[in-house]
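Next come the chains, spelled out residue by residue.
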Amino acid sequence: ALEDGLKKADADPSVKAVMICGENGKFSAGADIRGFSSPKTLGVALGPIVSLIESSEKPVVAAIEGVALGGGLEVALGCHYRVAHAKARMGLPEVTIGLLPGAEGTQRLPRLIGVPAALDMITTGKHIPATEALKLGLVDEIVEENTIEAAIRLANKVIGQPLGPRRLSLKPVPKLPNMEAFLQEAQVKVKRQARGFLAPELCFQAVQAATQRPFAEGVRRERELFQVLLSSGQAQALQYAFFAERAVHRWATPGGINLLFIIFDSILLLSLGLGTMGQGIVTSLVKANIPVVALEQNLEYLNKGRKAVMVLLEREAKKMEGGAQKLDFHNPARLQFTVDFNLLHDVDLVIEAVFENMALKKEIFHKLSNICKPGALLCTNTSALDIDEIASATSRPQQVIGTHFFSPAHVMRLLEIIYGRHTSPSAIATAMQLAKDMKKVGVVVGNCFGFVGNRMMFPYVEQAVFLLEEGSRPEAVDQVLEDFGFKIGPFRMSDLAGLDVGWRSRKGQGLTGPSLPAGSSARQRRGQRYSPLPDLLCERGRFGQKTGKGWYQYERAGGRTATPDPWIHGFLSQYRDTHRIETRYIDQEEILERCLFSLINEGFAILAEGIASGPEHLDVIYLNGYGWPKHRGGPMFYASTVGLPRVLAKLQKYSEAHPDVPKLRPSAFLKKLVAVGNAPLKEWMSYLSRQSPKL
Ligand SMILES: CCC/C=C/C(=O)SCCNC(=O)CCNC(=O)[C@H](O)C(C)(C)COP(=O)([O-])OP(=O)([O-])OC[C@H]1O[C@@H](n2cnc3c(N)ncnc32)[C@H](O)[C@@H]1OP(=O)([O-])[O-]
């Protein structure tokens, strides 16, 4: 249609100028991402149209409203002028779906805004607001009112003016005094951050080509690189992740009720507890423009919490400077701090964020149930505690719901929304809407120990520790998982989070500490293999970064640079001697498979139990809350690419070698999927009996 329209306009002498706009207040979100899974190469098809626009003998003006993303922005780059609405956003997000801007965008953008800004946009895929686009020279004008009228006004004004200087393909790439050095440094940075993810590096190479070759040759290079990415497998993983993230918005209750939208105009939200988690939650709420009251039990904690929240908010306000949105946190109508429990009477929604202690949480929920107005929703921030037990302390269990935020809560996008036995559909819908307003990815999951994310993490960490017992070292295990694409391996992660957290929980479960029955075997609990290694480290005060020592050593307490610790190596070999464990060499394949396949195995058990609605939900949780490398699509998608028969065979092998580790025993659901012939991921759920789904 675009091509036809342009040709008609060119051929019609009464047409003096052309304006291109989108429908319904959106310019374009780019190519249909679903189209990339077909072998057709859309980039090759769109590039010539962009060239056609640029070569028009009549001025072409883009009227950008809403979004101009990917191929949409590339179309706008072919236009001679660009007018944007002040609220519009622009970007070349192809990198985030494993591709590059393949419609000549990698060649035109650096010519328009210079190499540093173009590289930044193309290798990160970030969306920028119109105000920033104006500063960069990406658009010629921004308007507050009717963008289309403004674009037509501009088109009329420029009729007759020479178009040569407006054709980006004819412009040289702006020179930098130190282009070579700049590119070298940029490439190192891109490589370091990519960790095996191809698209950012190939995006870099395409922009580099723009600096080294004439336009037409640069375009050829861009197409070659695009084809490499299209067939890399990574693009498929990222495109799967894009749709998986949207699929988690669709959920249903056992009765089949699916409520998507609950609109709240003004909610007064109370965040209870101002520790690290509470501080992050309050910051996120303020950023989402939701009026919030932060409550603490005494003035000392309140003042400490308030100070920390203010620091976070000042930092966020700085980041948002120049943007359309302003943070309004000095206004007491938007954010107030209090120790007055009476304010509970008026709030619509409470997020309790005190520390993980069932007795304390129940006491608070009993109090909330008595004080809060009848419709108020009561959320508990917990990473493992039983929602039903917490709800049992109230007279309104249908309004109690778990909201598992991830630390730091103002940064991490994931929000596990945990549905108890009595939670109502509207409570779930409200929590999902809250997640959306907070720009988080809400995933509805059932109630079980550790919910989805942590429950899958337990066997992964367990295997990592067993591997140490058998002969590996923390840095060797971490290296394998970091090479796979995780930002940090399990031991670095454990040092960061604090070993004492798990220790407290194990003591609470009677797995270690004073409540452990006398005469318990050192390496067995309840008939299963158990490793006391993390407990032994904690007993020696090695809590990780906070104490300067954990699985690694650090420069000081609170230090962040992990160095392998000879003490740990000696301790491990002594431990193996004590327990008569023969040290063996463990190769990278075994490390990777035991850690990942045990985690995936748990995922199959979770699906079979109806704790999550589908594999996409598990993947979204891992991609947004656990640092799973995006270009591998999430653990369940990864399992489907490895092939379920292989995952099963390996689990069987490791399970035979370690019969006292139940988490290595292949789940019945995995076996069934293999038995029916390695079913594709989108069909998995159809093989489950729908007798008693929790979700
Ligand atoms: C090589 C050739 C050159 C071109 C390359 C490209 O352009 S690559 C592309 C470069 N472009 C991008 O990467 C942009 C990707 N898109 C976005 O970033 C966001 O969707 C948004 C900012 C446009 C709107 O955010 P929002 O929070 O307001 O809404 P929302 O996110 O919930 O989406 C609503 C519905 O639209 C759907 N859908 C959206 N876009 C696409 C698409 N391109 N395709 C297909 N579908 C798409 C989405 O799945 C959802 O469907 P559902 O679940 O209702 O059935």
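Residues numbered from 1 in each chain as written. Predicted model: local features only at pLDDT ≥ 70, side-chain atom pairs only at ≥ 80, totals over all residues.

(A) Representation of the UniProt feature "domain: 3-hydroxyacyl-CoA dehydrogenase C-terminal" (unreviewed entry) in the protein within the structure. UniProt records the feature "domain: 3-hydroxyacyl-CoA dehydrogenase C-terminal" (unreviewed entry) for residues 450-554 and 591-680 in the present numbering. Between the C-alpha atoms that bound residues 591-680 there is a distance of 26 Å. The span itself is 67% helix and 0% strand. (UniProt positions renumbered as here; feature names shortened; annotations may be inferred. Helix = DSSP H or I, 4+ residues; strand = E, 2+ residues; numbered from the N terminus.)

(B) Local environment of the nonpolar core. Counting 187 residues, the largest nonpolar core has Val61, Ile64, Val83 and Ile417 as the members making the most contacts within it. Sort the elements by how many residues they give to this core and helix H23 (residues 588-609) lands first, with ten residues. Beyond its immediate sequence surroundings of up to four residues, Val83 is in contact with Val61, Ala63, Ile64, Val139, Asp140, Glu141, Val143, Thr147, Ala150, Ala151 and Leu154. (Core = buried A, V, L, I, M, F, W, Y, C linked by C-beta atoms within 7 Å. Buried ≥ 20, exposed ≤ 12 C-beta atoms within 10 Å, placed from the backbone. Contact = placed C-beta atoms within 7 Å.)

(C) Focus on the domain arrangement of the protein. Looking at the assigned domains, one finds that the protein contains domain 1 (2-232), domain 2 (269-448), domain 3 (472-514 + 523-578) and domain 4 (588-687). Here domain 1 and domain 3 have C-alpha centroids that lie 49 Å from each other. (Domains from an automatic or database assignment.)

(D) Expanded view of the environment of Ala68. Mapped onto the fold, Ala68 is located in strand E3 (residues 67-69). For the pair Ala68 and Leu92, spaced 24 residues apart in the sequence, the C-alpha separation amounts to 8.6 Å.

(E) Focus on the sheet that holds strand E1 (residues 18-21). Spatially, four strands are ordered E1-E2-E4-E7 in an open sheet, and the strand pairing comes out parallel. Of all strands in the sheet, those with a lone pairing partner are E1 and strand E7 (141-143), marking the two edges. Going across the sheet, the axis of each strand differs from the next one's by a mean of 25°, ignoring polarity. In the sheet, strand E2 (residues 60-64) pairs with strand E4 (residues 81-85) via four bridges, with the strands oriented parallel. Note on E4: the bridge partner recorded for Ala63 is Val83. Packed on one face of the sheet, helix H7 (residues 147-158) meets E1, E2, E4 and E7 and runs near 155° to E4. (Pairing = 2+ DSSP bridges. Axes fitted to C-alpha atoms, helices over the stretch in contact; angles between N-to-C directions.)

(F) Representation of the pairing of strand E13 (residues 400-405) within the structure. Among the six residues of E13, six are classified as buried, and the element is accordingly described as predominantly covered. In E13, alternate side chains face the same way, and those of Val400, Gly402 and His404 on one face and Ile401, Thr403 and Phe405 on the other are all buried. Across three bridges, the pairing between strand E12 (residues 377-380) and E13 is parallel. When the bridges of E13 are listed, Cys379 appears paired with Ile401. In this sheet, strand E14 (residues 414-419) lies alongside E13 in antiparallel orientation, the contact comprising four bridges. Paired with Thr403 across the two strands is Ile417, which belongs to E14.

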